[in-house]
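Read off the chains here:
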Amino acid sequence: MIHLNEVHKSFTVKDRKTRSSKCIDAVRGISLTVKPGEIYGLLGPNGAGKSTTLRMIASLMDPDSGSIEVCGQDTKQKPEAVRSCLGYLSTDMGVYTRFTPRELLRLFGEFQDVDPLVAERRGLHLLDKLQLSDFADVKMDGFSSGQKQKVSIARALLHDPKVVIFDEPTTGLDVLTAKTVLDLLRIMREEGRTVIVSTHVMPMVEDICDRVGIIFDGKLHGDAPPREILQSRRAKTLDEVFFQLAAESEGAN
Amino acid sequence: MRGALLIAKKEFLELTKDRKTLFLVFVMPFLLYPAIFTMMAKLGKRSEDQNRNKASRIYLVDPSATLVPILKADPKQFELVAKPEGDLRQAIRDQKLELALEVAPEAGAALQKQETFQVTATVDESERASNIALKRLKGALEPQEKNWIQTRLKTLSASPQLAEPLKLEVKNAADTALEVGKAIGTMLPYLLMIMMYSGSMQHGIYATAGEKERQTLLSLMATRLPRIQIILGKLLYIFSIGVISALLNLVSLGLSISILGSDSTSSVQTMSAIANPMTLGLTFMIMVPLGLFFANFILLMGIQAKTTVEAGTAIMPGMFLVIFLGVFTMAPGVDKMAFLSYVPVVNVCLALRKLFSQQFSWLEYLVSFAMTVGLAGLMTLVSTRILNQEKALFKM
């Protein structure tokens, strides 16, 4: 279970031209709940606040105000406990290319306090599911971006997390690899895991997400099943909804 | 602390996967120093042999032929050459000859009249061969000069001791071990600091800004390991690799000197007199907190940088500072400035310098040690506090 209550986050950035500091509100009062066995799609343009929201859920960042609970634990109070029940994957996450996938997973098993034998077995099972078992003992420096992404997915799921956060999991992947990832997400839903996914790919959202929230300028719009959002907005596709929100956002500014 | 050890283990495992780096860290020092020392010894020996066996070329202007017999007496030492073309000074600088000697034209008459005559020697004091020629000349003229004085005193029926009111006998209080110890004590702290800093620097950048650049730091932070443990693990790795680099370089340096000097028993004895277990132990003990201080600085700069280039730019001035302080402590007279015992980094150099030059003072050593430990502790506190903040890891 993931529960966000009125979460705010801002950053101070330096403007090199004017040499002054500027405060940017990345997330403005987001509240949402994602239940076990549900895939929640978080949509929004670049810089809307999706990654910041996901990083706060993963207890990598603290909210300025509001609270976030993951698996019943407050992210600010017990970040380690939150991360031990959570698998986090982001497109801007690399892999240690000097290792083989097996070595990497063994190492991350230790980091996550997983029994070495269990980590070995689960790691190989995940690599097999991701059609990467033939490369388990190959050094990753020659891997394609898709192969690296698959290893990252295996790393994120190695400790059998109840909550899974995938930040743009299919970016840069070919159609076949993207399908493997989507299939994996469906399996995770069937297994009763709480899944939250951020993406730009609208058809993917319509296809696999049970509920969708659209972030614009740090605010959450929507938060309903994709069909309900389409109906309420009188749109045929989520792309249309996206454009409507972009226009409204520009008008408001 | 388990998390920190796991992170350090990961860093070392990564290091072992890169054969090139492994070779540079663990094998290179054992090839480099013997190669450098063998080459230096061979070149030095060759040059020494050449200078010893080769007669010094002298252009002599001596109209009264007063010094000609002296210089012609030993052809192995002196070779009289014709006047070179062009400027005489330039010819010496160009090493066409080693020395030019001009004896006053009235030298013969002056000698007869028991008067003083002028001899002008032109040499290039920056050239070893020229200096050897001058030394040989002085060695050849000295007995002749004494001979002339004795003859003059005899003529005057004076005591031969008249021209020698005192006889200075110099006894060297320092033995070879002390001389070598002083030389090592001056150089060693400087070398150790540079080796430690540069060793930590490369790997520190890889483990900090390199992780950010390769986008792997986030995957570590997404594990259940507390952020502080990740920071401490990186610190442990940077510190360890600095100490290992310095130790390996030192061992190789020591082995090279011992092996190359093993043909003479005295050099081995000298080395073992200086490098006794206590001296080495005290050296290592004081270098540990200094290494921790360096590691903290590298970690602090490295983690806050977005790229390895940015980290290199931030960490490099530290290297220049280490070089500057090292060179400063080598200056003569610095060891007599008592207040320097309270200046961080410099005091470590001075403590080691005194340790090797048999002027060791426990008080000064302990003051330097305590100060360095305090500084390293303070730096660890500051760096972990700064880096434990979210903005340090997610620099905008």
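All values reported here derive from a predicted model rather than from experimental measurement.

## Some thoughts on the interface of chain B and chain A
Then, in step 1: Residue-level contacts link 29 residues of chain B with 28 residues of chain A.
Then, in step 2: Across the chain B/chain A interface, buried area totals approximately 2800 Å², and carbon plus sulfur atoms make up 59% of it.
Then, in step 3: Three residues stand out in chain B for area buried against chain A, namely Lys17(B), Leu218(B) and Arg224(B), and they jointly supply 23% of the buried area on that side.
Then, in step 4: Applying the counting criterion to the chain B and chain A interface returns 5 salt bridges.
Then, in step 5: Between the two partners, chain B and chain A, sit 15 residue pairs in polar contact (both at pLDDT 80 or more).
Then, in step 6: No other element matches helix α1 (residues 2-17) of chain B, which puts 9 residues into the side of chain B that touches chain A.
Then, in step 7: Considered class by class, the residues forming the side of chain B that touches chain A number 13 nonpolar, 5 polar and 11 charged.

## Examining the pairing of strand β4 (residues 65-70) of chain A
All names here are of chain A.
Then, in step 1: One ladder, built from 5 bridges, connects strand β1 (residues 2-15) with β4; its direction is antiparallel. Bridge assignment links Asn5 to a residue of β4, and that residue is Ser67.
Then, in step 2: Of the pairings in the sheet, the one linking β4 to strand β5 (residues 73-74) comprises 2 bridges and is antiparallel in character. Directly across from Val70, in β5, lies its bridge partner Gln73.
Then, in step 3: Once β4 ends, the chain turns through 2 residues before running back antiparallel as β5, passing Cys71 with a positive phi of about 55 degrees.

## Describing the packing of aromatic side chains
Residue and element names in this part refer to chain B.
Then, in step 1: Enumeration over the complete set of coordinates arrives at 11 aromatic pairs over all chains.
Then, in step 2: Measuring from centroid to centroid gives 4.9 Å for Phe12 and Tyr237, while their planes differ by 80 degrees, and the two rings are edge-to-face. Of this pair, Phe12 sits in helix α1 while Tyr237 sits in helix α10 (residues 227-260); the two residues are 225 residues apart in sequence, bridging distant segments of the chain.
Then, in step 3: You can call Phe12 partly exposed: its relative accessible area is 25%.
Then, in step 4: The buried category is assigned to Tyr237, whose relative accessible area is 2%.
Then, in step 5: Plain terms: the ring middles of Tyr197 and Phe294 are 5.2 Å apart, the flat faces sit at 80 degrees to each other, and that makes the pair edge-to-face.

## What about the state of the cysteines?
Residue and element names in this part refer to chain A.
Then, in step 1: Inspection of every chain in the model, using the stated rule, returns 1 disulfide over all chains.
Then, in step 2: The side chain of Cys71 participates in a disulfide bridge whose partner is Cys85; the two sulfur atoms lie 2.2 Å from each other. Residues Cys71 and Cys85 share a disulfide whose torsion about the S-S bond is about 105 degrees; that sign makes it right-handed. Of the two residues, Cys71 is situated in the loop between β4 and β5 and Cys85 in the loop between α2 (79-84) and β6 (86-90); the sequence distance between them amounts to 14 residues.

## Some words on the pairing of strand β8 (residues 194-199) of chain A
Residues and elements named next belong to chain A.
Then, in step 1: With 6 of its 6 residues buried, β8 lies for the most part within the structure.
Then, in step 2: A two-sided burial pattern is seen for β8, the buried positions comprising Thr194, Ile196 and Ser198 on one face and Val195, Val197 and Thr199 on the other.
Then, in step 3: Direction of pairing for strand β3 (residues 38-43) relative to β8: parallel, over a ladder of 6 bridges. Bridge pairing links Gly41 to Val197 in β8.

## Quick look at helix α5 (residues 145-157) of chain A
Then, in step 1: Here α5(A) spans 18 Å end to end across 13 residues, near enough to the 18 Å set by a 1.5 Å rise per residue.
Then, in step 2: Among the 13 residues that make up α5(A), 11 are buried, leaving the element largely enclosed by the rest of the structure.
Then, in step 3: In the core, the buried residues of α5(A) are packed alongside β6, α3 (101-111), α4 (116-129), β7 (163-167) and α6 (175-190) of chain A together with α9 (217-221) of chain B.

## A closer look at the sheet that holds β1(A)
Residues and elements named next belong to chain A.
Then, in step 1: Across the sheet, which stays open at both edges, the 4 strands sit in the order β2-β1-β4-β5 with antiparallel pairing between neighbours. Since the sheet does not close on itself, it has two edges, and those belong to β2 (20-34) and β5, each with one partner.
Then, in step 2: Contacts from helix α1 (residues 50-57) reach β1, β2 and β4 within the one sheet, and its direction differs from that of β1 by about 120 degrees.

## Focus on the packing of helix α12 (residues 277-304) of chain B against helix α15 (residues 362-387) of chain B
Residues and elements named next belong to chain B.
Then, in step 1: The contact between α12 and α15 brings their axes to 9 Å, and the two run at 25 degrees. Between α12 and α15, the crossing angle belongs to the class labelled roughly parallel. In terms of crossing hand, the pair formed by α12 and α15 is left-handed.
Then, in step 2: Of the residues belonging to the contact of α12 with α15, the class tally is 21 nonpolar, 6 polar and no charged.

## Focus on the UniProt feature "domain: ABC transporter" (unreviewed entry) in chain A
Then, in step 1: Under the UniProt annotation, "domain: ABC transporter" (unreviewed entry) lies at residues 2-242 of chain A.
Then, in step 2: Between the end C-alpha atoms of residues 2-242 of chain A there is a gap of 25 Å, over a span that is 37% helix and 29% strand.

## Some words on the nonpolar core
Then, in step 1: By size, the foremost hydrophobic cluster in this structure holds 90 residues, and its most contacted members are Ile57(A), Tyr88(A), Ile165(A), Phe166(A) and Leu185(A).
Then, in step 2: Among the elements that make up this core, the one with the highest residue count is α6(A) (6 residues).
Then, in step 3: Setting aside anything within four residues of it in sequence, one finds Phe166(A) in contact with Leu54(A), Leu89(A), Ile153(A), Ala156(A), Leu157(A), Leu185(A), Met188(A), Ile196(A), Val197(A) and Ser198(A).
Then, in step 4: In terms of nonpolar packing, the next biggest core, distinct from the first, is built from 58 residues, Leu300(B), Ala311(B), Leu325(B) and Val346(B) among them.

## Observations concerning the UniProt feature "transmembrane region" (unreviewed entry) in chain B
All names here are of chain B.
Then, in step 1: Mapped onto the present numbering, the UniProt feature "transmembrane region" (unreviewed entry) falls at residues 22-44, 235-260, 280-299, 311-331 and 363-387.
Then, in step 2: A distance of 32 Å separates the end C-alpha atoms of residues 22-44, which is 100% helix and 0% strand.
Then, in step 3: Regarding residues 363-387, the helix share stands at 100% and the strand share at 0%, and the terminal C-alpha atoms are separated by 35 Å.

## Some details on the sheet that holds strand β3 (residues 99-103) of chain B
All names here are of chain B.
Then, in step 1: The strand order across the open sheet formed by 4 strands is β2-β1-β3-β4, and the pairing between neighbours is mixed. Here the strands that pair on one side only, and so sit at the sheet edges, are β2 (78-80) and β4 (119-123). On average, each strand axis in the sheet is tilted by 30 degrees relative to the strand beside it, whichever way the strands run.
Then, in step 2: Across 3 bridges, strand β1 (residues 56-61) lies against β2 in parallel orientation. Each bridged residue has a counterpart across the sheet, and for Ile58 the counterpart in β2 is Leu80.

Scoring rules and cut-offs
- Residues numbered from 1 in each chain as written.
- Chains lettered and ligands numbered in written order.
- Predicted model: local features only at pLDDT ≥ 70, side-chain atom pairs only at ≥ 80, totals over all residues.
- Heavy atoms only, no water.
- Contact = heavy atoms within 4.5 Å.
- Buried area = accessible area lost by both parts, 1.4 Å probe.
- Salt bridge = Lys/Arg side-chain N within 4 Å of Asp/Glu carboxyl O.
- Polar contact = N/O pair within 3.5 Å; in protein donor to acceptor, adjacent residues only side chain to side chain.
- Helix = DSSP H or I, 4+ residues; strand = E, 2+ residues; numbered from the N terminus.
- Nonpolar A, V, L, I, M, F, W, Y, C, P; charged D, E, K, R; others polar.
- Pairing = 2+ DSSP bridges.
- Phe/Tyr/Trp six-rings, centres within 6.5 Å; stacked < 30°, edge-to-face > 60°.
- Buried < 20%, exposed > 50% of the residue type's maximum accessible area, 1.4 Å probe, protein only.
- Disulfide = S-S within 2.5 Å.
- Expected span 1.5 Å × (residues − 1).
- Axes fitted to C-alpha atoms, helices over the stretch in contact; angles between N-to-C directions.
- Parallel < 35°, antiparallel > 145°, perpendicular 65-115°, else oblique.
- Left-handed = near helix turned anticlockwise from the far one by under 90°.
- UniProt positions renumbered as here; feature names shortened; annotations may be inferred.
- Core = buried A, V, L, I, M, F, W, Y, C linked by side-chain atoms within 4.5 Å.

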